[in-house]
Structure formats: structure tokens, C-alpha cells
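Notes for the structure review
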Amino acid sequence: MPSSPAAHSAPIESSDLEALLADVADRSRHLAEEGEVEDQPEELPSAESTRFALALVDLDGNEHVTGDADLGFAIQSVVKVFALTAALQHVGEDLFDRVGREPSGDPFNSLVQLEQEQGIPRNPFINAGALTVCDVLLDAADDPYDAVAGLLGDLTGDEAAVNDTALDAEREGSSLNRAMGHLMQSFGNVHHPVDDVVELYVRLCSLTVTTRTLARAARFLANEGVNPLTGAPVLSEPLARRVNALMLTCGTYDAAGQFAYDLGFPCKSGVAGAVMGDVPGRFGVCAWSPPLDEKGNSRAGRAALHLLSERLDLSLL
Ligand code: GLN
């Protein structure tokens, strides 16, 4: 049985948590001023550099938020966690014949290792790895888009929908992703037309989420693979543990070591400024602030989660 948060730590009063989140927000959101917002259509909230939110949801469903926690933005690379989960549901660990489990030490959209390593991406959380995961889903799932969007909907309790403005921008900016697709295809590691693989990937990156719904969605990983909203198994406990291991070591690209050092729990970032994480046995968590650091991770989001980890003793390490 999934354990309750109280089994792992003394219960924290709800009002204390609300105050703590507000204090963490006050202390970290100004760091956004030093970051760069990824080039995004100006009508998207994720183009607004002053947006900030923090959400913490426990396994009993108690939700604590501060800031713009209910404002929608494109999920971007955070979707790679749900795409990986869907692929593991369909093909299990055979997936790892096609994609590795090592940190890349390179930017998320780098082509460099792909040629040296015969078209096998280092891990499922860099773009090349997510494209391979999409290719696997195109084979294995009846409706590959729904395999991921439906899963996300089940985990958040909200129907997941694509933001068309984000989708147009993703399609337009996908040259590098196409290049990766073709390179992997030349090594036999992409089986479907590259256009189909990239189209699935960019649609998934354009799903709308909020800080609150991502914190909710992360909880199955904190709950031995079981969706706390419905009680339905999503992944077996060993596979959920392995997704956590991949998030801890590879979820924030070439900053994963620093994130593990500072936060000490698994997380995954995206270029719209979200960092989603989970603390096994306790919480799903998400911070959102659009300006990014040089590695493509939310600058204030990372600081907020670092502070939260220290205040609530969230590090697993
Ligand atoms: N849509 C983005 C891309 O493929 C997602 C990258 C990210 O969030 N790191 O380039």
C-alpha cells in the first residue's frame, strides 16, 4: 500500500505550509530578473517574465499553492516524463534497447553524441530520447497522442488540451528536432516518417498544464506508481522508482548534478519555466517561472525548489 505522508514526517499544519510557500516565493522570484525567457509567442503566459507559482500536493490530495498556480502554460519538456511512462506501459523495459539511461552532460537539444553513439540517445529526457519514445509509441499505442495526453488527464483530473499558439511555434521551431529524427533514422533508430514523429512530439510539448496540475500529476511517482486520484496503478513500483532515478540523474539536462546536489529529489524541467518534482512517500511539487538559466532550466523555479527542499527536509540523499 502506498504510505501516507505522515508515515515519513511529522504532519505540517496547512496554514504553516501556505505561509512557507509564500515566503519561499518572496525569496526566490526576484532571481527571474537575471534569466532569459525562451523565445515564445507573446500571447502565452509563459512569455511573461514576472509570472511565478509554486505548488505542493500531498498524497492525500491536500493542495498548497502560491502565485499564479492556476494559469495555463505549455508543458514543454516536462511531458517527457509522461511520454516515457506511456512507453513503459506499452513496451516495458524493452524501451531501453532504443534509448539509454545515462546523463548526457550536453544541452537538451544537442546532436553531438547522436552521431558518435550510433543514433541511440543517452536518455529519454533529452529531445533525441523523447523523439525515440514518440517513435516507439507510434508503433505500440493505438492512439499515441492519447496514450500520453490521456495519462496526463487521468493524473491531473483535468482533460489535457493542446494550445494551438504554442503548437504553431513548436512546429515552426522544430528544425533541430527534425535533424535529430533524420540522424536517428539513418541509424535505424527511428522507424516512422520523421514528420510524424516530430508532429507527435510537438503536440505533446504543447499540452496546457498549470503549476497546480503538474504537482498533482507528479504524485504517482511519489506513490509507488499508483495514481492517488483514482487508486489506479500507472506503473509497477520498480518502474516508478526507475523513472525517478532517470529524473534525478537526467531530468534537468546538463544541470542534473547540481539539481540533485541542491534539491535531492527527482525533477524534470521544461522551457516554459516549469520544474516538476516528486518526493517519494510525501509530495508532488512544481515551481514555475519563465526566465531560464543558461542550461534551459527555470532560474527562480530552481531556487524556489532548493529553498523548499531545505525548509521541508525533502532531500532523499
Ligand atoms: N519544445 C521544446 C523543444 O523540443 C521542448 C524543449 C524543452 O522544454 N527543453 O525544443
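Presented here is a report on the structure given in the accompanying data block. (Residues numbered from 1 in each chain as written. Predicted model: local features only at pLDDT ≥ 70, side-chain atom pairs only at ≥ 80, totals over all residues. Heavy atoms only, no water.)

**A few points about the environment of leucine 263**
- If you trace the backbone, leucine 263 turns up in the loop between α12 (256-262) and β5 (267-269).
- Assessed through its relative accessible area of 0%, leucine 263 is described here as buried.
- Through-space distance from the C-alpha of leucine 263 to that of leucine 305 is 6.5 Å; in sequence the pair is 42 residues apart.
- With residues near it in sequence (within four places) discarded, leucine 263 still touches Arg302, Leu305, His306, Ser309, Leu314 and Ser315. (Helix = DSSP H or I, 4+ residues; strand = E, 2+ residues; numbered from the N terminus. Buried < 20%, exposed > 50% of the residue type's maximum accessible area, 1.4 Å probe, protein only. Contact = heavy atoms within 4.5 Å.)

**Observations regarding empty space enclosed by the protein**
- Applying the stated criterion across every chain, the model contains one cavity of 30 Å³ or more.
- The volume enclosed by the largest cavity comes to roughly 60 Å³.
- Lining the largest cavity we find Ser104, Asp106, Ser110, Leu111, Val112, Gln113, Leu114, Ile120, Pro121, Arg122, Ile126 and Ala128.
- Among the elements that make up the lining of the largest cavity, the one with the highest residue count is helix α3 (residues 112-116) (three residues).
- Looking at the lining of the largest cavity residue by residue, the classes come out as seven nonpolar, three polar and two charged. (1 Å grid on protein atoms, 1.4 Å probe; cavity = no way out; pocket = protein on both sides within 12 Å on 5 of 7 lines; lining within 4 Å. Points joined across faces, edges and corners; volume = space filled by probe spheres on them. Nonpolar A, V, L, I, M, F, W, Y, C, P; charged D, E, K, R; others polar.)

**Let's talk about the state of the cysteines**
- Evaluation of the coordinates by the stated rule reveals zero disulfides.
- Not engaged in a disulfide, the cysteine cysteine 134 finds its nearest cysteine sulfur in cysteine 205; these two sulfurs lie 7.8 Å apart. (Disulfide = S-S within 2.5 Å.)

**Notes on the layout of surface pockets**
- Roughly 440 Å³ of volume is contained in the largest pocket.
- When residues of the lining of the largest pocket are traced back to their parent elements, those giving at least two are α6 (164-172), α7 (175-186) and α8 (194-205).
- Examining the composition of the lining of the largest pocket, we find that three residues originate from one element, α6, more than from any other.
- Residue composition of the lining of the largest pocket, by class: ten nonpolar, eight polar and three charged.

**Concerning the packing of α6 against α8**
- Between α6 and α8, the least distance of the axes is 9 Å, while the angle of their chain directions is 140°. The orientation of α6 with respect to α8, classified from their angle, is oblique. Classified by chirality, the crossing of α8 by α6 is right-handed. For the pair α6 and α8, the contacting residues are Leu167, Glu170 and Arg171 in the first and Glu199, Val202, Arg203 and Cys205 in the second.
- Here the contact of α6 with α8 is built from residues that sort into three nonpolar, no polar and four charged. (Axes fitted to C-alpha atoms, helices over the stretch in contact; angles between N-to-C directions. Parallel < 35°, antiparallel > 145°, perpendicular 65-115°, else oblique. Left-handed = near helix turned anticlockwise from the far one by under 90°.)

**What about the pairing of strand β2 (residues 63-67)?**
- In this sheet, β2 lies alongside strand β1 (residues 53-58) in antiparallel orientation, the contact comprising five bridges. Directly across from alanine 55, in β2, lies its bridge partner valine 65.
- Counting the residues between successive antiparallel strands, the hairpin from β1 to β2 contains four residues, one of them, glycine 61, with a positive phi of roughly 95°. (Pairing = 2+ DSSP bridges.)

**Considering unusual backbone geometry**
- Non-glycine residue glutamine 76 carries a positive phi angle of around 50°.
- Tracing the backbone shows glutamine 76 in the loop between β3 (73-74) and α2 (79-91).
- A relative accessible area of 6% places glutamine 76 in the buried class.

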